[in-house]
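What the coordinates show
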Amino acid sequence: MLKVEMADALNDQIREELFSAHLYLSMSAYFESIGLKGFANWMMIQYREETEHAMRIYHYLVSQGARVRLQAIKEPQSDWASPLEVFQATLKHEEHITDCINKLVDIAEELKDRATNNFLQWFIDEQVEEEENARQIINRLKLVDDNKNGLFMLDKELGQRQFVSEMNNNNN
Ligand code: FEO
């Protein structure tokens, strides 16, 4: 059984993950609006991954006999000045999520909640990957600069990203 403080913090994190999904769906829509279908695809997959992150916590709370209490999701930004600005915003957002996960681990440690600490380790690893992905695309966009051909090539490459669920079917 989870302590109330831990369950509340995990419910807050469901809100953070669902907001992340919302933000990336908004970014996907922005890319559609400027004709960058590959970038839109990359962000759509990001949206689906974030939904899974929320569901991972949802199922954990249920498995621990704790209540899931959904919270309001705020409206995400919908316009950006350039693809580079979108990915800079993505990196900043992922750094914020990393802070959130670290704080959850701090709470689990304070409460000596080993099960939750263990559960959160997947998110620790995931955040390293999330930040790295955003940083790599920022670097590529800086290299491309204003070169339309380079942007087209990158769009084609990001269009190949496919969604791979990291949850087993019982949890989906
Ligand atoms: Fe669920 Fe991108 O952090």
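Structural notes, computed from the coordinates. (Residues numbered from 1 in each chain as written. Predicted model: local features only at pLDDT ≥ 70, side-chain atom pairs only at ≥ 80, totals over all residues. Heavy atoms only, no water.)

**Things to note about the packing of helix α4 (residues 114-144) against helix α5 (residues 148-158)**
Where α4 contacts α5, the axes come no closer than 9 Å and their chain directions differ by 155°. Taken together, α4 and α5 sit at an angle that is classed as roughly antiparallel. Here α4 runs over α5; the crossing is right-handed. For the pair α4 and α5, the contacting residues are I137, R140, L141 and V144 in the first and G150, L151, L154, E157 and L158 in the second. (Axes fitted to C-alpha atoms, helices over the stretch in contact; angles between N-to-C directions. Helix = DSSP H or I, 4+ residues; strand = E, 2+ residues; numbered from the N terminus. Parallel < 35°, antiparallel > 145°, perpendicular 65-115°, else oblique. Left-handed = near helix turned anticlockwise from the far one by under 90°. Contact = heavy atoms within 4.5 Å.)

**Remarks on the environment of I138**
Relative to the assigned elements, I138 resides in helix α4. Under the relative-accessibility criterion, I138 is labelled buried at 6%. C-alpha separation for the pair I138 and Y58, spaced 80 residues apart in sequence, amounts to 32 Å. (Buried < 20%, exposed > 50% of the residue type's maximum accessible area, 1.4 Å probe, protein only.)

**Details of a negative patch on the surface**
Taken together, E5, D8, D106, E109 and E110 make up a surface patch of like negative charges. The set of elements that each furnish at least two residues to the negative patch consists of α1 (4-33) and α3 (83-110). Looking at the element boundaries, D106 is found in helix α3. Among the residues examined, D106 registers a relative accessible area of 39% and is labelled partly exposed. (Patch = residues over 30% accessible without salt bridge, like charges linked within 9 Å, V, L, I, M, F, W, Y side chains within 5 Å. Areas by Shrake-Rupley, 256 points an atom, 1.4 Å probe, with all protein chains shown as cover. Salt bridge = Lys/Arg side-chain N within 4 Å of Asp/Glu carboxyl O. Lys, Arg positive; Asp, Glu negative; His and termini not counted. Charge placed at Lys NZ, Arg CZ, Asp CG, Glu CD.)

**A short note on the pattern of salt bridges**
What the rule picks out here adds up to six salt bridges. R15 is paired through a salt bridge with E16; the nearest N and O atoms lie 3.5 Å apart. Among the charged side chains, a network of salt bridges with common partners joins D12, R15 and E16.

**Considerations on the side chain of E17**
Summarising the element assignment, E17 is placed in helix α1. Although E17 is buried, it forms no salt bridge, and the closest oppositely charged side chain is R56 at an N-O distance of 9.1 Å. One polar contact links E17 to H53, side chain to side chain, over a distance of 3.3 Å. Setting aside chain neighbours within four positions, we find E17 in contact with E50, H53, A54, I57, I97, I101 and F123. (Polar contact = N/O pair within 3.5 Å; in protein donor to acceptor, adjacent residues only side chain to side chain.)

**A few points about the packing of aromatic side chains**
Geometry of an aromatic ring pair is reported as the spacing of the ring centres plus the angle between the planes. For the structure on display, the rule yields nine aromatic pairs. A network of ring pairs unites the aromatic residues Y30, F31, F39, W42, W80 and F87 as a single cluster. In this structure, R56 packs its charged tip against the face of W122, placed 3.6 Å from the ring centre. The ring of F19 carries the charged tip of K74 above its face, separated from the ring centre by 4.3 Å. (Phe/Tyr/Trp six-rings, centres within 6.5 Å; stacked < 30°, edge-to-face > 60°. Lys NZ or Arg CZ within 6 Å of the ring centre and 35° of its normal.)

**As for empty space enclosed by the protein**
Counted by the stated rule, this structure contains one cavity of 30 Å³ or more. Space inside the largest cavity adds up to approximately 40 Å³. In terms of lining residues, the largest cavity is bounded by E49, E52, H53, R56, W122, E126, F163, V164 and E166. At the level of secondary structure, the elements contributing two or more residues to the lining of the largest cavity comprise α2 (37-63) and α4. It is α2 that provides the largest number of residues to the lining of the largest cavity, a total of four residues. Residues that form the lining of the largest cavity fall into these classes: three nonpolar, one polar and five charged. (1 Å grid on protein atoms, 1.4 Å probe; cavity = no way out; pocket = protein on both sides within 12 Å on 5 of 7 lines; lining within 4 Å. Points joined across faces, edges and corners; volume = space filled by probe spheres on them. Nonpolar A, V, L, I, M, F, W, Y, C, P; charged D, E, K, R; others polar.)

Any functional reading would require information beyond the geometric quantities listed.
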